[in-house]
Amino acid sequence: MQKLPLTEVKAGMKLAKDVILEDGRILLLKGFTIKPRYLSKLKAYDVPFIFVEDEIVELDEISEERVYEDAFTNIKGIMQSIRYDEKVDIVQLKETVNDMVQHILNDDMVFMTLTGIRDIDNYTFLHSVDVCIYAVVTAKALGMEYDDIYELAMAAILHDVGKCKVPLSILNKPGKLTTEEFEVMKRHAISGLEIASQLPGLSEKIARIICQHHEKWDGSGYPLGLNSYDIELGARIISIADVYDALTANRVYRKRFMPHEAAEYLMANNESQFDPRIMKCFINSIAIYPKDIVVLLNTGEVARVLPSKGMASMRPKVSVITRKDGPPVFDPYEIDLRKNPTIFVVDIIS
Ligand SMILES: [Fe+2]
């Protein structure tokens, strides 16, 4: 074990001690492999040094982390180029999306612990990557063919590309939009169709799916008010992933939903907003609380989530590691939230 200043810490190193902030919050746990995104997190919290094990994990073992980063970098670059009328090349994005699809076809849980990274400046781009992941996981569970999954993945990562035509003053407005501003925002569906139709190498179907991602099962969506099976299958999948991921992010005008609350929202709106068959498949396929994330329970206990997926992951088994205001628990113990209905998650710590 060695103590290293943050400047010398590299991805692949393994944490030898928990990283605990001055206010007692746990940032990262002993045993975690340092991933690229943890480095920026440690920097953001001004952590001066950490303790790491002598062994280093090969970067290949965390290839999903690189694919996620590539997807984020690519979609951010493309959306910024479109906004500023620069030349756009989507060859790299297509390769990265193909990589993501392959990873998920191999292991549908591979990106689950990476979703939900919230960074105000990069919200739209991170959201696009997460929607792509949830859409592909759902498509795999629906038994869709590879070519259809790939088309869906491209549409998902580009679903909000039309927002490049929304003025930044509206897009980044720190508050609820006025009716007029919301009408401008709604145009991103049609703008998305126009942009996707002009990008080389994207099918008409991808452009159509992008245009329809705010249509609703009961016909109350936009831009055309299409309903049920008149809406492309890909758009019906993306609309569920889009709403779920958006609900779990903080907004200036509302606090984020906990993942189990977002899942409950989807189920409550089943048969009005969403295709019920796909909604059930979505809930049964994703990890609502992915393994290894650290949560705060209403009892004040801080716990690490154990592996599960689908409905079971709404109330997963957890391993208690400490109390919010107390010392670490030296012998972690498990709680099965499904068997303890009065205990629930109130916050996600890391
Ligand atoms: Fe949208």
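Rules used throughout
Residues numbered from 1 in each chain as written. Predicted model: local features only at pLDDT ≥ 70, side-chain atom pairs only at ≥ 80, totals over all residues. Heavy atoms only, no water. Helix = DSSP H or I, 4+ residues; strand = E, 2+ residues; numbered from the N terminus. Rg over C-alpha atoms; globule rule 2.2 N^0.38 Å. Contact = heavy atoms within 4.5 Å. Areas by Shrake-Rupley, 256 points an atom, 1.4 Å probe, with all protein chains shown as cover. Buried < 20%, exposed > 50% of the residue type's maximum accessible area, 1.4 Å probe, protein only. Domains from an automatic or database assignment. Buried area = accessible area lost by both parts, 1.4 Å probe. Salt bridge = Lys/Arg side-chain N within 4 Å of Asp/Glu carboxyl O. Polar contact = N/O pair within 3.5 Å; in protein donor to acceptor, adjacent residues only side chain to side chain. Nonpolar A, V, L, I, M, F, W, Y, C, P; charged D, E, K, R; others polar. Pairing = 2+ DSSP bridges. 1 Å grid on protein atoms, 1.4 Å probe; cavity = no way out; pocket = protein on both sides within 12 Å on 5 of 7 lines; lining within 4 Å. Points joined across faces, edges and corners; volume = space filled by probe spheres on them. Donors = N, O, S within 2.8 Å, 3.2 Å for Na, K, Ca; no water. Axes fitted to C-alpha atoms, helices over the stretch in contact; angles between N-to-C directions. Parallel < 35°, antiparallel > 145°, perpendicular 65-115°, else oblique. Left-handed = near helix turned anticlockwise from the far one by under 90°.

S.K.: Before we go on, may I ask you to explain the overall build of the chain in this structure?
M.R.: Of regular secondary structure, the chain possesses 12 helices and 10 strands. Compactness check: the chain gives a C-alpha radius of gyration of 21 Å against a globular reference of 20 Å for 350 residues, within 12% of the reference. Restricting to contacts in the chain with at least 6 residues of sequence separation, those with at least 24 account for 61%. Surface accessibility of the chain: about 16800 Å² in total, with carbon and sulfur atoms responsible for 51%.

S.K.: What's the story with unusual backbone geometry in this structure? I'm lost.
M.R.: If a residue is not glycine, its phi is most likely negative; likewise, a peptide bond is most likely trans. With omega at 10°, the peptide bond leading from Y222 into P223 counts as cis. Here P223 shows up in the loop between α9 (204-211) and α10 (233-247). Despite not being glycine, E271 shows a phi value in the positive range, around 75°. Within the element layout of this structure, E271 appears in the loop between α11 (259-268) and α12 (276-285). On the accessibility criterion, E271 (56% relative accessible area) is exposed. In this model, D292 sits at a positive phi of 80°, which is unusual for a non-glycine residue. For D292, the location among the structural elements is in the loop between α12 and β6 (294-297). Among the residues examined, D292 registers a relative accessible area of 30% and is labelled partly exposed.

S.K.: What is the right way to read the domain arrangement of the chain from this model?
M.R.: One frequent convention defines the size of an interface as the accessible area lost when the parts assemble. Here the chain is described as being made up of domain 1 (2-57), domain 2 (62-285) and domain 3 (294-348). Distance from the C-alpha centre of domain 2 to the C-alpha centre of domain 3: 30 Å. Taken together, the contact between domain 2 and domain 3 spans 12 residues of the former and 8 residues of the latter. Buried surface at the junction of domain 2 and domain 3, summed over both partners, amounts to about 890 Å²; 64% is from carbon and sulfur atoms. The tally of links from domain 2 across to domain 3 stands at 2 salt bridges. Residue D108 pairs with K309 through a salt bridge whose shortest N-O separation is 2.8 Å. Seen at the junction of domain 2 and domain 3, the total is 2 residue pairs in polar contact (both at pLDDT 80 or more). Where the side of domain 2 that touches domain 3 is concerned, the elements lending two or more residues are α11 and α12. Top contributing element to the side of domain 2 that touches domain 3 by residue count: α11, with 5 residues. A per-class count over the side of domain 2 that touches domain 3 returns 6 nonpolar, 3 polar and 3 charged.

S.K.: What is the right way to read the pairing of β6 from this model?
M.R.: A regular strand places its side chains on the two faces of the sheet in alternate fashion. Neither face of β6 is exposed, since V294 and L296 on one face and V295 and L297 on the opposite face are all buried. Where β6 and strand β7 (residues 301-305) come together, 3 bridges link them in antiparallel fashion. Within β7, the position partnered with L296 by the bridge is V302. Connecting β6 to the next strand, β7, in antiparallel fashion are 3 residues, including G300 with a positive phi near 90°. One ladder, built from 3 bridges, connects β6 with strand β10 (residues 345-348); its direction is antiparallel. Note that in β10 the partner of L296 across the bridge is D347.

S.K.: Can you help me understand the layout of surface pockets in this one?
M.R.: Think of a ball as big as a water molecule: rolled over the atoms, this probe shows where empty space is left. In this structure, the second largest pocket occupies an estimated 260 Å³ of space. Residue lining of the second largest pocket: 14 residues in total, with V19, I20, V47, P48 and F49 positioned closest to the centre. For the lining of the second largest pocket, the elements supplying multiple residues, two or more each, are β3 (19-20) and β5 (49-56). With 3 residues, β5 is the single largest residue contributor to the lining of the second largest pocket. For the lining of the second largest pocket, the per-class residue count stands at 10 nonpolar, no polar and 4 charged.

S.K.: Looking at this model, I keep getting lost on the coordination of the iron ion. Mind explaining?
M.R.: Geometry reference: four tetrahedral donors at a metal, ideal angle 109.5 degrees. Six octahedral donors, ideal angles 90 or 180 degrees. At 2.2 to 2.3 Å from the iron ion lie its protein donor atoms, namely D160 (OD), H188 (NE2), H213 (NE2) and H214 (NE2). Residue H188 is classed as buried on the basis of its relative accessible area of 1%.

S.K.: Please explain the packing of helix α5 (residues 146-157) against α10 as it appears in this structure.
M.R.: How two helices pack is summed up by the angle between their axes together with the distance between the axes. Between α5 and α10, the least distance of the axes is 10 Å, while the angle of their chain directions is 50°. With respect to their mutual orientation, α5 and α10 come out oblique. Judged by the sense of rotation from one axis to the other, the crossing of α5 with α10 is right-handed. On α10, the residues touching L152, A155 and A156 of α5 are G234, I237 and I238.

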